[in-house]
Amino acid sequence: MADLLVRRARLLGKDGLFDIVVEKGEISKVAKSEIQERGKEVIDAEGNLVLPSFVEPHVHLDKVLLAEETREASSISEAREIVKEAKKKFTVSGVSKRIEKVIPLAIENGVTKIRSHVDVDEYAKLVSVEALLSLKKKYSGIVDFQIVAFPQEGLLKDSESLELLRKALDMGADVVGGLPEAELSQDDSKRHVDHAIAIAIEAGRDIDMHCDVLPFGKVTEYFASEVIRKGIEAGRATADHLIALSYYDDYYASKVIGLLKMAGINVISNPCTMMTSGNLDRPPRGRGVTRIKELLKAGVNLAFGLDNLVDPYNPFGDFNALLNGWFFAYAGQLNSSSEIESLLEMPTLSSARILRLKGYGIEPGSKADFNVMNSKDPRSALRFHQKPRYVIENGNILVENRYEITNHYELPS
Ligand SMILES: [Zn+2]
């Protein structure tokens, strides 16, 4: 008898309904016809979508809920200053405590794969890395964390970051991060990219770089060309934000997009945070997003991230991938049926490609990590952005979100 049987599931991009059989934490069968198998546990999906677990590809967990402890910021630069001060007081238990307050929010929203940047610099030292490494162990089998060692204060400007970044990788951080614009000059920004790429190659790690967060940056072109020149495998480099791309003239923008595609670089846009942080524009103000439509059209692997959650950068923030997708649709002006369907691929398949997750998807042989949703099509899923009815991890039901049936208001006749 199967451990779990999910009946009448709708799968993204496929016609008809499917039954999914789970055995020993893996999907053993997906079949269109009614499977005669019996399950110890049976879920009737009632024709609703079943999606692989949501993946959050870009969040700063060491900063979550900092807004409850710090003053408010009116710009990104001010937020960076406030966070710098706060980091001096970081302790492993303090950082862990804040992160553990938001982990349940991720789980109940079906987000069980998370790539988090955590700061490594002369202020934070390795405190955030240590905190997330121990939580990664503690939540193993429930949430999969990928840790990006993030030199927020620069690799040249900050005297300790280079050494700390290497140490973080030795301790178990997975990915090399970067923020070239933290440096003092454009030349130093390029050297920042050089250092990060060299360390990634030396340590055999992926690289995930905050590129051109501010409208006047021009580092994306250099990053992409170096990824190509150094022969970094397609899919192993990620560029975040790329807001300046929206400000370039069309010719230069198409050149940079072409390079990103050629380099096989993934792109993550983080509109929830960037639209609240504002930018340096005078009216009319930009939307804090990159050229979403053009990147999608060019076939670049594109996803959206939460970035920040109740900290000096973002007063709100939610792990609800559908709510963030709904917001991304507006930020990126995505409204066609195919674009709407891609909004469900971004927090699932596209983000899984960024994290290079193995055994991901709804097919035989994949890990039984998936969400039984409460909507039958992508448009309704995004429109109502309800939490999954069931969150399944390793074949176990982690969460059941119950929805009461309510009577709709009827207009008086
Ligand atoms: Zn970020």
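Treat the numbers as computed from the prediction; the structure is a model and nothing was measured.

K.L.:
Outline the domain arrangement of the chain, supporting the account with residue identities and numerical values.
P.N.:
Where the parts come together, the accessible area they lose is often given as the size of the interface. Under the domain assignment used here, the chain contains domain 1 (2-52 + 360-407) and domain 2 (54-355). Relative to domain 2, the C-alpha centre of domain 1 lies at a distance of 30 Å. At the junction of the two partners, domain 1 supplies 24 residues and domain 2 supplies 26 residues. Of the roughly 2100 Å² buried where domain 1 meets domain 2, counting both sides, 68% is carbon and sulfur surface. When the buried surface of domain 1 facing domain 2 is broken down by residue, Tyr 360, Leu 382 and His 385 rank first, second and third, together holding 31% of it. Inspection of the domain 1/domain 2 interface yields three salt bridges.

K.L.:
Explain the coordination of the zinc ion to me, using residue names and the numbers behind them.
P.N.:
Taken together, His 58 (NE2), His 60 (NE2), His 210 (NE2) and Asp 307 (OD) make up the full set of protein donors to the zinc ion, lying 2.1 to 2.3 Å away. Taken together, the four donor atoms surrounding the zinc ion define angles of 82 to 173° at the centre, an arrangement classified as irregular. Sequence positions of the donors to the zinc ion reduce to the motif H-x1-H-x149-H-x96-D. Within this pair, whereas His 60 is found in the loop between strand E6 (54-59) and helix H1 (76-87), its partner His 210 is found in strand E10 (residues 206-211), the two being separated by 150 residues in sequence. You can call His 60 buried: its relative accessible area is 4%.

K.L.:
How would you summarise the packing of helix H2 (residues 92-108) against helix H3 (residues 127-138) if you had to cite specific residues and measurements?
P.N.:
Two elements in contact, H2 and H3, have axes separated by 8 Å at closest approach and are oriented at 50°. Judged on the interaxial angle alone, H3 and H2 are oblique. As for the relative orientation of H2 and H3, their crossing is right-handed in sense. Residues Val 92, Val 95, Ser 96, Ile 99 and Glu 100 of H2 touch H3, and the partners they reach there are Val 127, Ser 128, Glu 130, Ala 131, Leu 132, Leu 135 and Lys 138. Each residue belonging to the contact of H2 with H3 can be placed in one class, and the counts come to seven nonpolar, two polar and three charged.

K.L.:
Now, about the pattern of salt bridges: what can you tell me, with residues and values included?
P.N.:
Scanning the model with the defined rule gives 33 salt bridges in all. We note a salt bridge from Asp 144 to Lys 113, for which the minimum N-O separation is 2.9 Å. One end of the pair, Asp 144, is in strand E8 (residues 144-150); the other, Lys 113, is in strand E7 (residues 111-119), with 31 residues separating them in the sequence. We classify Asp 144 as partly exposed; its relative accessible area is 29%. Judged by relative accessible area, which is 3%, Lys 113 ranks as buried. Residues Asp 208 and Arg 115 are paired through a salt bridge, measuring 2.6 Å at the closest nitrogen-oxygen approach. Here Asp 208 is found in strand E10, whereas its partner Arg 115 is found in strand E7, with 93 residues between them in sequence. Exposure class is identical for Asp 208 and Arg 115. Each is buried.

K.L.:
Hey, could you go over the sheet that holds strand E3 (residues 26-31) for me, with residue numbers and the actual values?
P.N.:
Taken in spatial order, the four strands line up as E3-E2-E1-E4 in an open sheet, and their pairing is mixed. Each edge of the sheet is formed by a strand with only one pairing partner; in this case those strands are E3 and strand E4 (39-44). Mean inter-strand twist for the sheet, computed between neighbouring axes without regard to direction, equals 20°. The sheet contact formed by strand E1 (residues 2-9) and strand E2 (residues 18-23) spans four bridges and is antiparallel. Looking at E2, one finds that Leu 5 is bridged to Val 21.

Cut-offs and rules
Residues numbered from 1 in each chain as written. Predicted model: local features only at pLDDT ≥ 70, side-chain atom pairs only at ≥ 80, totals over all residues. Heavy atoms only, no water. Domains from an automatic or database assignment. Contact = heavy atoms within 4.5 Å. Buried area = accessible area lost by both parts, 1.4 Å probe. Salt bridge = Lys/Arg side-chain N within 4 Å of Asp/Glu carboxyl O. Donors = N, O, S within 2.8 Å, 3.2 Å for Na, K, Ca; no water. Tetrahedral: all angles 85-135°; square planar, octahedral: opposite > 155°, others 65-115°. Helix = DSSP H or I, 4+ residues; strand = E, 2+ residues; numbered from the N terminus. Buried < 20%, exposed > 50% of the residue type's maximum accessible area, 1.4 Å probe, protein only. Axes fitted to C-alpha atoms, helices over the stretch in contact; angles between N-to-C directions. Parallel < 35°, antiparallel > 145°, perpendicular 65-115°, else oblique. Left-handed = near helix turned anticlockwise from the far one by under 90°. Nonpolar A, V, L, I, M, F, W, Y, C, P; charged D, E, K, R; others polar. Pairing = 2+ DSSP bridges.

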